[in-house]
Amino acid sequence: MEAKLELFRVRQSREEVVDRKGEKVVIREYNHGEDFEKLVHMYETFSPENRCLGLPPTTRKAIEAWVGFLAKRGYNIVAEKDGKIIGHAAVIPTEDGKNVDLTIFVHQDYQDRGIGQELLKRIIEICRKNGFEGIMLVTERTNRRAIHVYKKFGFEVVNPEFEYDMYLDLRKTRS
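Keep in mind that this is a model prediction, so the values were computed, not measured. (Residues numbered from 1 in each chain as written. Predicted model: local features only at pLDDT ≥ 70, side-chain atom pairs only at ≥ 80, totals over all residues. Heavy atoms only, no water.)

Student: Any details on the pairing of strand S4 (residues 84-93)? Residues and values, ideally.
Tutor: S4 sits mainly inside the fold: nine of its 10 residues count as buried. Across seven bridges, strand S3 (residues 75-81) lies against S4 in antiparallel orientation. Note that in S4 the partner of Asn-76 across the bridge is Ala-90. With antiparallel pairing between neighbouring strands as the criterion, S3 and S4 make up a hairpin whose turn holds two residues, including Asp-82 at a positive phi of roughly 50°. Of the strand pairs in this sheet, S4 and strand S5 (residues 99-106) are connected by seven bridges, and their pairing is antiparallel. Each bridged residue has a counterpart across the sheet, and for Ala-90 the counterpart in S5 is Thr-103. (Buried < 20%, exposed > 50% of the residue type's maximum accessible area, 1.4 Å probe, protein only. Helix = DSSP H or I, 4+ residues; strand = E, 2+ residues; numbered from the N terminus. Pairing = 2+ DSSP bridges.)

See below:
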């Protein structure tokens, strides 16, 4: 399966936002050729306590393979501060092309500053503008902070069995 990226006609432009500390952060589309090493570095320095459901991977080789997979199969945006990638969101279309699966992480040194919400807001808008029906994600049921943010954006828990499977229906009018 090749070129899921072509499903993303509307893309993320470079935007500067101000985080909760009053610092400027750039939200932009990920460029695999230029950003690969910076994104791998972010995940290499990611705290094990902040991992969720085994992600991000822990070894450099596994991180490289995972980032490569996300770049090839999905659409990615990053949060960057002073040339350093500090946050990453990726969506991968489902086989039928109607929905996307979301992966989102913010480096622990930059959490609680609204950066994850800025990434999430832009990913939702990109998916809506590209005609997807919904966004799916899975998180640990103990990840209360993330669950709170997802619910704030309209995600609903659709399966609370082991982890929380959550879904945002993009067909509902919401901005």
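Student: Can you lay out the side chain of Asp-19 for me, pointing to particular residues and giving the numbers?
Tutor: Mapped onto the elements, Asp-19 comes out in the loop between strand S1 (15-18) and strand S2 (24-29). Take Asp-19: its relative accessible area is 7%, and that puts it in the buried class. Within the structure, Asp-19 has its side chain in polar contact with the side chain of Arg-113 (distance 2.7 Å). Other than its neighbours up to four places away in sequence, Asp-19 contacts Val-25, Arg-113 and Ile-115. (Polar contact = N/O pair within 3.5 Å; in protein donor to acceptor, adjacent residues only side chain to side chain. Contact = heavy atoms within 4.5 Å.)

Student: Tell me about the nonpolar core, and name the residues and values.
Tutor: In terms of nonpolar packing, the biggest core is built from 35 residues, with Leu-102, Leu-119, Leu-120, Cys-127, Ile-135 and Phe-155 touching the most fellow members. Those elements that provide at least two residues to this core are S2, S3, S4, S5, helix H3 (115-129), strand S6 (134-139), helix H4 (144-152) and strand S8 (164-169). Here Cys-127 is in contact with Phe-8, Val-91, Val-100, Phe-132, Ile-135 and Leu-170, once residues within four sequence places are set aside. Core analysis: the second largest hydrophobic core is formed by 18 residues, Leu-39, Cys-52, Ala-71 and Val-78 among them. (Core = buried A, V, L, I, M, F, W, Y, C linked by side-chain atoms within 4.5 Å.)

Student: I'd like to hear about the pattern of salt bridges, residue by residue, with values.
Tutor: All chains considered together, the criterion is met by 20 salt bridges. Across the pair Asp-169 and Arg-171 runs a salt bridge whose closest N-O atoms are separated by 3.0 Å. The exposure class of Arg-171 is exposed, given its relative accessible area of 53%. Ionic contacts of the salt-bridge type, sharing partners, join the residues Asp-19, Glu-23, Lys-81, Asp-82 and Arg-113 into one network. (Salt bridge = Lys/Arg side-chain N within 4 Å of Asp/Glu carboxyl O.)

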